[in-house]
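# A structural walkthrough
Each chain, written out:
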Amino acid sequence: MPKDSDKPGGGEDRTDSSEQSHSKRVWRGTPSPHRGNTPQSSPPRFVSAEELMETAKGVTNMALAHEIVVNTDFQVKPSEPAEGSLEKRVKDIMHKAFWDVLEGQLSENPPSYNHAIKLLAEIKETLLSFLLPGHGRLRGRIEEVLDLSLIQQQAENGALDISKVVEFVIGMMGSLCAPSRDEEIRKLREITDLVPLLKAIFPVMDKMKLDMANFAVSSIRPHLLQQSVEYERKKFQEFVEKQPNALDFTEKWLQDSAKSVLHEDQAGGAGGLPTPLAVHNHAYLCLLKWNHASDPFPETLLMDQVRFQEMQQDLEQLVLVASVLLIVYNTTGEAISGLPGLMDRLKRTIGVLLTEMHMPSFIADEALATIGERMCVELSGRLSEHGFSPFSTNRQSILKGQISAVTLPDNAIRRLIGSRIQTYLLAFLESSHRSAPTLPGGLAPVSKELEEIAMKFGRLVHFNKLVYSPFYQKILQEINLFPEDNTKKYSLIHVSKRPPLLDIYFHCKLLCIL
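Notes on the structure follow. (Residues numbered from 1 in each chain as written. Predicted model: local features only at pLDDT ≥ 70, side-chain atom pairs only at ≥ 80, totals over all residues. Heavy atoms only, no water.)

For the rest of this paragraph, the subject is the side chain of Lys88. Within the element layout of this structure, Lys88 appears in helix H3 (residues 86-107). According to the relative accessible area criterion, Lys88 is buried, its value standing at 17%. Beyond its immediate sequence surroundings of up to four residues, Lys88 is in contact with Pro81, Ala82 and Glu83. (Helix = DSSP H or I, 4+ residues; strand = E, 2+ residues; numbered from the N terminus. Buried < 20%, exposed > 50% of the residue type's maximum accessible area, 1.4 Å probe, protein only. Contact = heavy atoms within 4.5 Å.)

Most of helix H11 (residues 276-286) sits inside the fold, with 8 of its 11 residues counted as buried. Listing the buried residues of H11 in full gives Pro276, Val279, His280, Asn281, His282, Ala283, Tyr284 and Leu285.

In this structure the tally under the stated criterion is 16 salt bridges. A salt bridge links Asp92 to Lys88, with the nearest nitrogen and oxygen atoms 3.7 Å apart. Of this pair, Asp92 and Lys88 both sit in helix H3, 4 residues apart, which is roughly one turn of that helix. Asp256 is the partner of Lys252 in a salt bridge, and the nearest nitrogen-oxygen pair spans 2.9 Å. Placement of the pair is Lys252 and Asp256 together in helix H10 (residues 248-267), with a separation of 4 residues, close to one helical turn. Taking relative accessible area as the criterion, Lys252 reaches 40% and is therefore assigned partly exposed. Residue classification places Asp256 among the partly exposed residues on the basis of a relative accessible area of 36%. Ionic contacts of the salt-bridge type, sharing partners, join the residues Arg181, Glu184, Lys207 and Asp211 into one network. (Salt bridge = Lys/Arg side-chain N within 4 Å of Asp/Glu carboxyl O.)

The next point concerns the nonpolar core. Trp253, Tyr284, Phe308, Met375, Leu399, Leu425 and Phe457 are the most contacted members of the largest nonpolar core, which has 88 residues in total. For this core, the leading source of residues is helix H17 (residues 447-478), giving 14 residues. Ignoring any residue separated from it by four or fewer positions in sequence, one finds Trp253 in contact with His280, Ala283, Tyr284, Leu287, Trp290, Pro298, Thr300, Leu301 and Tyr472. (Core = buried A, V, L, I, M, F, W, Y, C linked by side-chain atoms within 4.5 Å.)

Let us look at the packing of H11 against helix H16 (residues 412-430). Direction vectors running N to C along H11 and H16 enclose 135°, while the axes themselves pass 10 Å from each other. As the angle between them shows, H11 and H16 are arranged oblique. Relative to H16, H11 is oriented so that their crossing is right-handed. Across the interface between the two elements, Asn281, Tyr284 and Leu285 of H11 pack against Gln422, Leu425, Leu426, Leu429 and Glu430 of H16. Considered class by class, the residues forming the contact of H11 with H16 number 5 nonpolar, 2 polar and 1 charged. (Axes fitted to C-alpha atoms, helices over the stretch in contact; angles between N-to-C directions. Parallel < 35°, antiparallel > 145°, perpendicular 65-115°, else oblique. Left-handed = near helix turned anticlockwise from the far one by under 90°. Nonpolar A, V, L, I, M, F, W, Y, C, P; charged D, E, K, R; others polar.)

The relative placement of two packed helices comes down to the angle between their axes together with the axis-to-axis distance. The N-to-C vectors of helix H5 (residues 136-145) and helix H7 (residues 162-176) enclose an angle of 165°; their axes lie 11 Å apart at closest approach. Our classification of the angle between H5 and H7 gives roughly antiparallel. Considering how the two elements wind past one another, H5 and H7 form a crossing that is left-handed. Across the interface between the two elements, Leu138, Arg141, Ile142 and Val145 of H5 pack against Phe168, Met172 and Leu176 of H7. For the contact of H5 with H7, the class distribution of residues is 6 nonpolar, no polar and 1 charged.

Structure representation (structure tokens):
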């Protein structure tokens, strides 16, 4: 029976969808269709199909290793064809044909075990793959009971008791499975008919394979954390050597940041040149205001583009929430500051109404009008409960109008909150995570959410600097603002070299298990 196309409950396993999207984005995004917008740093070079395949494989492996390190929730998940698709129909037809043939063979007199023995061979191979090097006794027991040549002789002589063999298989699965699979093993023991039982064994085994793969991921994560910096840097260097213009957008990103910082310093009356570190931190902040629809993302950050985009959306929502809460506080006065839980309740209400703010169907004016109405209702009720003066109609109109005005491009309150959040994030990067920076005024109600985003942002930036610092240093040296001696002072944490275990351990332990 073919291993993937015919195996019941089968189908190829795949890694988490986010890993696939990242690896495709890395490969498709560099070089990018936007290349025409930027002068190429090197003339195009023709490469062979073999070189392209090798490069694609290296980038995919790098993206997978990066995803495991950065995404603590990373898991290997099964891939199933879409319901109603041609692939799904073909798979169902092939599986049904196989099981019909098996049932027909076992119904013969005497029974024919050709297909059943093929299934047992596949089951044996799978059980052996679950064993660790120290499981010598279990390995010997499996080899003994699932001796295919002996089973074949017993079948030919009419002495095969296949029910006992299958019973042994279920017992061995129960010994090797994770505790979360115990209930499924129990259900297997309740099935009495042979064909339905064999049919039910394979989906459970597929889940056990995923359990083993995810156990392997959790086991190798500490090793990846130790070695991923050198591994990613090495793989990216190999990619750059095959694609000479592979850093065009990264160069533009840093150049634009240098010009922006210099302009801001000059406008503020600051003397001297900005430091490379200031330029680099400012460049990372720019990623949180990126136009993903039109501006190509820096090549060195493509694997994290989705994460930066998610943080950008979270911050945009947080700016609106903090702006509305600041308006509410300024409109109602200090009376609400003493009401326990009120600000948290208002924050949750605003957050719920802004949940879909990045969906195409979202209408900002309507959402903010609804928020204004809800704020007035909440405030009127709570102020009355605690004996404060009623929330007058005039004050309600002022509150609604100010909340609705938050969407205007030049709204002073939203711009102020956005600027303070950027200041906080920049201070967080400059502190090197040693201590949390002082929270600017007006952000106290969203401090928890802002700190969570800052921690996530800081981790991504720190790891990115560790991996790509040699590339960034070279680019910064080529920017006319900085003399070479200045950029040499701009250094990141040095990570000691270690043996390239990833190329061996990573593939053998994780990918081959699938």
